[in-house]
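Residue-level structure breakdown
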Amino acid sequence: MATVFLTCPVILWLSVAAVLGSVLGLGEDLDRPLFGPPGSPIRLHESDLGLKKALEFAEERYNRGSNAMHLRRVSRFISATKQLVKGIHYTITVELSNTQCKKNAKLRTCDFYPESQKLKTEVCVFEVLDIPWQSTSTLLKQKCQPKVGPQVEETNKVEAPSTSQPLQESVEILGQFKEFMVKYKKVYSSQEEADRRLRIFHENLKIAEKLQALDQGSAEYGVTKFSDLTDEEFRSTYLNPLLSQWTLYRPMKPASPARGPAPASFDWRDHGAVSPVKNQGECGSCWAFSVTGNIEGQWFLKNGTLLSLSAQELVDCDDVDYACNGGFPSVAYSVIEKLGGLETETDYSYSGHKQKCEFTTKKVAAYINSSVELPRDEQKIAAWLAENGPVSVALNAFAMQFYKKGVSHPWKIFCMPWMLNHAVLMVGYGERNGIPYWAIKNSWGDNYGEEGYYYLYRGSNACGIKEMCLSAVIN
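Since this is a predicted model, take the numbers as computed values, not measurements.

Topic: the overall build of the chain
A tally of regular secondary structure across the chain gives 10 helices and 16 strands. Looking at the 475 residues of the chain, the share that counts as buried comes to 55%. Once local pairs closer than 6 in sequence are excluded, the contacts in the chain between residues at least 24 apart make up 76%. Counting only carbon and sulfur atoms, one obtains 52% of the accessible surface of the chain, whose full area is about 21600 Å².

Things to note about the nonpolar core
Residues Leu 395 and Tyr 454 are the most contacted members of the largest nonpolar core, which totals 58 residues. For this core, the secondary structure elements donating two or more residues are helix H5 (191-214), helix H6 (231-238), helix H10 (378-388), strand E10 (391-395), strand E13 (422-432), strand E14 (435-441) and strand E15 (453-457). Mapped onto the domain boundaries, this core takes at least three residues apiece from domain 2 (168-211) and domain 3 (231-473). Ile 295, Leu 307, Ala 472 and Ile 474 belong to the second-largest nonpolar core, a separate cluster that totals 27 residues.

Remarks on the packing of helix H7 (residues 286-303) against helix H9 (residues 329-339)
Interaxial distance between H7 and H9 falls to 9 Å at its minimum, and their mutual angle equals 60°. Considered as vectors, H7 and H9 are oriented oblique to each other. The two elements H7 and H9 cross, and the hand of that crossing is right-handed. Contacts from Trp 287, Val 291, Asn 294 and Ile 295 of H7 reach H9 at Pro 329, Ala 332, Tyr 333 and Ile 336.

Observations regarding the state of the cysteines
Inspection of every chain in the model, using the stated rule, returns five disulfides. Disulfide partner of Cys 101: Cys 110, at an S-S distance of 2.2 Å. Here the S-S torsion is close to -115°, and the disulfide linking Cys 101 with Cys 110 is therefore left-handed. Judged by its relative accessible area of 15%, Cys 101 falls in the buried class. Owing to a relative accessible area of 1%, Cys 110 belongs among the buried residues under this scheme. Covalently, Cys 283 is tied to Cys 324 through a disulfide, its sulfur atoms 2.0 Å apart. As the torsion about the S-S bond is roughly -90°, the Cys 283-Cys 324 disulfide counts as left-handed. With a gap of 41 residues between them, Cys 283 in the loop between strand E8 (266-267) and H7 and Cys 324 in the loop between helix H8 (312-317) and H9 connect regions that are remote in the sequence. A residue is classified by how much of its surface remains accessible, and Cys 283, at 1% relative accessible area, is buried. Counting its disulfide-bonded cysteines in sequence order, the chain shows a connectivity of 1-2, 3-4, 5-7, 6-8, 9-10.

Description of the packing of aromatic side chains
Taken as a whole and judged by the stated rule, the model has 23 aromatic pairs. With 4.9 Å between their ring centres and 65° between their planes, Phe 266 and Trp 268 make a pair best called edge-to-face. The ring of Tyr 453 has Arg 269 sitting right over it, with the charged end atom 4.2 Å from the ring centre. The ring of Tyr 455 carries Arg 432 above its face, with NZ or CZ at 4.2 Å from the centroid.

As for the pattern of salt bridges
This structure, assessed with the given rule, holds 24 salt bridges. Put simply, Asp 267 and Arg 269 hold a salt bridge, and the shortest N to O gap is 2.6 Å. You can call Asp 267 buried: its relative accessible area is 12%. The exposure class assigned to Arg 269 is partly exposed, which follows from its relative accessible area of 30%. Its salt-bridge partner being Lys 278, residue Glu 345 comes within 3.9 Å of it at the nearest N-O pair. With Glu 345 in the loop between H9 and strand E9 (370-373) and Lys 278 in the loop between E8 and H7, this pair connects stretches of sequence that are 67 residues apart. When its relative accessible area of 24% is taken as the criterion, Glu 345 is described as partly exposed. Given the relative accessible area of 12%, Lys 278 is considered buried. Counted as one network, the salt bridges with shared partners bring together Glu 127, Lys 141, Lys 143, Asp 231, Glu 232 and Arg 235.

Focus: the environment of Ile 131
For Ile 131, the position within the fold is in strand E5 (residues 122-131). In sequence terms Ile 131 and Ile 88 are 43 residues apart; their C-alpha atoms lie 6.3 Å from each other.

A few points about the confidence of the model for the chain
Of the residues in the chain, 85% have a pLDDT of 70 or more, and the chain-wide mean is 86. Taken together, the stretch residues 150-165 has pLDDT below 50 and engages in 30 contacts with residues farther than four places along the chain or on a different chain.

Thoughts on unusual backbone geometry
For Lys 185, which is not glycine, the phi dihedral falls at a positive 55°. Inspection of the secondary structure assignment puts Lys 185 in the loop between helix H4 (167-183) and H5. Backbone geometry at Ala 323 places phi at a positive 50°, although glycine is not the residue there.

Parameters at a glance
- Residue positions within a chain follow its written sequence, with the count starting from 1.
- The predicted origin of the model limits local features to residues at a pLDDT of at least 70 and limits the giving and counting of side-chain atom pairs to 80 or more, whereas totals for whole chains, interfaces and linings rest on all residues.
- In computing side-chain values, all of the structure's heavy atoms are included and hydrogens and water are not.
- Helical segments are the DSSP runs of H or I of at least four residues, strand segments are the runs of E of at least two, and each set is numbered from the N terminus.
- Relative accessibility under 20% of the residue-type maximum defines a buried residue, over 50% an exposed one, and the middle range a partly exposed one, all with a 1.4 Å probe and only protein chains included.
- We call two residues in contact whenever any of their non-hydrogen atoms come within 4.5 Å of each other.
- Each accessible area value is a Shrake-Rupley result obtained with a 1.4 Å probe; residue values ignore everything except the protein chains displayed when judging cover.
- Residues belong to one nonpolar core when they are buried, are Ala, Val, Leu, Ile, Met, Phe, Trp, Tyr or Cys, and are joined through side-chain atoms within 4.5 Å.
- Domain boundaries shown here were taken from an automatic or database domain assignment.
- Interaxial angles span 0 to 180 degrees and are taken between N-to-C directions of axes, which are lines fitted to C-alpha atoms, for helices over the stretch in contact.
- To sort the angles, those under 35 degrees are grouped as roughly parallel, those over 145 as roughly antiparallel, those from 65 to 115 as roughly perpendicular, and the leftovers as oblique.
- Note on convention: near helix rotated counterclockwise from far helix by under a right angle means a left-handed crossing. Clockwise means right-handed.
- Defined by distance alone, a disulfide is two cysteine sulfur atoms within 2.5 Å.
- Here a pair means two rings of Phe, Tyr or Trp (six-membered ring of Trp) with centres within 6.5 Å. Their orientation is stacked below 30 degrees between planes, edge-to-face above 60, and tilted elsewhere.
- Placement of a positive charge over a ring is assigned whenever Lys NZ or Arg CZ falls within 6 Å of the ring centre and within 35 degrees of the normal to the ring plane.
- The salt bridge definition used is simple: a Lys or Arg side-chain nitrogen within 4 Å of an Asp or Glu carboxyl oxygen.
- The pLDDT value expresses, per residue, how confident the predictor is, ranging between 0 and 100.

Structure, rendered in structure tokens:
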């Protein structure tokens, strides 16, 4: 059975209320029909056969990605729902506890520790997409945190900042929120919505603090233009969930190896091959910007002219990918070949939503002949980039929502390499104060990160940066 994965793993510091919030408030009637109106969530009993299959799959994926010595399995069922989307989307909340078995054992035969202090119970939310007619299962989301207190109660309440906190802290948070609103021109529809965004902002400050404390590089995390968004809002609006399925696609033609070793540092911005930072807006079209950015660099190297090419053409005319709901760079390259090329951004401007395809071959400004995949070796990727131009890459965007500057280096357990969910453009590499980095052009505007760029640690496959590196070929 083909298996695929998605998004960021265990976030240990989120509150139980926040973790459970997305799956609750769905009513208590367990005898409802198998599916309600299209897309509506249906509450499940733990005896549901499909749920049992999805939960076993989630357990297996959890243990595969864990660095723990012992296997863990479900010790308590809390709640579950399913939705009919492009398959069956399960959202499952359970408790997981340590067993006495090491990882080479069969999970179903493993007993829990009799001593409660050794169980180390976690509350976990899993989202699994099961497509029975394709025999595929996908782990869309995994969030776990240590269980606190004797029992976890279901709730959909969003906790406000504690009323017992010092007044000075409350005033400081409110001041930061007002500065944030002014800086990023935030306007909310009502006082109730503003209050809700303030609560989210406050929780996000805590998450940014945890990111800061756990980062192994030189990154600075804090208030960004995404600080009033929940994790779910950020992922669904700005990331690319389809990238989790990249392992299902057949390998592309391998790129010819670089002729020489990688220089100590290189940056294509210094050589005129990189256009200004663009903004995908509230549309999951990062895949289109990653591909067009790569082709801009390839066209410059072959023809000496830097063009700003149309990402909107791909959003509108690529009928294989899913426009603002995500796409695959590998597919986009083949679509461009079939279309005959790309128009410029001036001729086919970006709107940030899918429209009728208005592409015309009369306005083609750049074309490609094929596309290739680079080896999954960071030293070889660096050598190839220095010789051949910027590269379309995918990564796990775990640390990006609150990134401000510096070299980001999250712990692997928080930024699993196989959980790809964002496509970007790798334009160079080097070192800062002895810390090796990749220079990554993002597509969230120049008011994100370092003038629109994200710098990620180089050399340890941080956030899966070497897993999907592609480029167009122009003869």
